[in-house]
2 protein chains.
Amino acid sequence: MAKAKVYVTFKDGVLEPQGKTVNAALLKMGYKNIKDVRIGKFIEIEIENGDKKKIKKEIDEICDRLLANPNIEKYDFEIE
Amino acid sequence: MAKAKVYVTFKDGVLEPQGKTVNAALLKMGYKNIKDVRIGKFIEIEIENGDKKKIKKEIDEICDRLLANPNIEKYDFEIE
């Protein structure tokens, strides 16, 4: 079984309120050295073993079609 | 500036409906080789540079106190 780890994050410049809220909470809790927090998605996909190139192409397609919103999000992934 | 990348995922055995939904959608879209999908959080934290050991301890504490729910979630992180 192959495993893909996908990271979906907001593009630079896109306001990410959940991260801002966590950042403010951390400062209030006394973690004064925290400068920025951004929260995205971490997606683990288990795939039947096969040609690595083909799996890579498939995951890329899946990210484009379903996992990330290309208007505001970017993604990155690795296959294990 | 140091950067921490935090991965928060559900513990094994905890039902994760969002992943199940995405899994079902992918099968319907024709990706028949997808066996499991689990969705967690990917958190990027920017921290003032400092002693790496101290930063590591701080991020661990932040995960415990705020970012992960220890009843159902586990976390992992790396410092860059």
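You'll find the structure just up there.
Asker: Hey, could you go over the interface of chain A and chain B for me, with residue numbers and the actual values?
Answerer: Counting from both sides, the interface comprises 30 residues of chain A and, opposite them, 30 residues of chain B. Taking both sides of the interface into account, the surface hidden between chain A and chain B amounts to around 3,000 Å²; carbon and sulfur atoms contribute 63%. Contact with chain B buries surface across chain A, with Tyr31(A), Asn33(A) and Phe42(A) losing the most and accounting together for 19% of the total. Across the chain A-chain B interface, the total number found is 2 salt bridges. A salt bridge links Lys35(A) to Glu48(B), with the nearest nitrogen and oxygen atoms 3.1 Å apart. Counting the contacts that link chain A with chain B gives 18 residue pairs in polar contact (both at pLDDT 80 or more). At the level of secondary structure, the elements contributing two or more residues to the side of chain A that touches chain B comprise β1 (2-10), α1 (17-28), β2 (34-47) and α2 (52-67) of chain A. Sort the elements by how many residues they give to the side of chain A that touches chain B and β2(A) lands first, with 14 residues.

Asker: Describe the sheet that holds strand β1 (residues 2-10) of chain B, with residues and values.
Answerer: Spatially, the 6 strands line up as an open sheet ordered β3(A)-β1(A)-β2(A)-β2(B)-β1(B)-β3(B), and their pairing is antiparallel. Edge positions in the open sheet fall to β3 (73-79) of chain A together with β3 (73-79) of chain B, since each of these has one partner strand only. Taking each pair of neighbouring strands and ignoring which way they run, the sheet shows an average axis angle of 25°. Here 7 bridges tie β1(A) to β2(A), and the two strands are oriented antiparallel to one another. Among the inter-strand pairings, Tyr7(A) is bridged to a residue of β2(A), identified as Phe42(A).

Asker: Explain the pairing of β2(A) residue by residue, including any values.
Answerer: Most of β2(A) sits out of view: 11 of its 14 residues are buried. Examined bridge by bridge, β2(A) and strand β2 (residues 34-47) of chain B share 13 bridges and lie antiparallel to one another. Bridged to Ile43(A) within β2(B) is Ile39(B).

Reading the values: the criteria
- Residues numbered from 1 in each chain as written.
- Chains lettered and ligands numbered in written order.
- Predicted model: local features only at pLDDT ≥ 70, side-chain atom pairs only at ≥ 80, totals over all residues.
- Heavy atoms only, no water.
- Contact = heavy atoms within 4.5 Å.
- Buried area = accessible area lost by both parts, 1.4 Å probe.
- Salt bridge = Lys/Arg side-chain N within 4 Å of Asp/Glu carboxyl O.
- Polar contact = N/O pair within 3.5 Å; in protein donor to acceptor, adjacent residues only side chain to side chain.
- Helix = DSSP H or I, 4+ residues; strand = E, 2+ residues; numbered from the N terminus.
- Pairing = 2+ DSSP bridges.
- Axes fitted to C-alpha atoms, helices over the stretch in contact; angles between N-to-C directions.
- Buried < 20%, exposed > 50% of the residue type's maximum accessible area, 1.4 Å probe, protein only.

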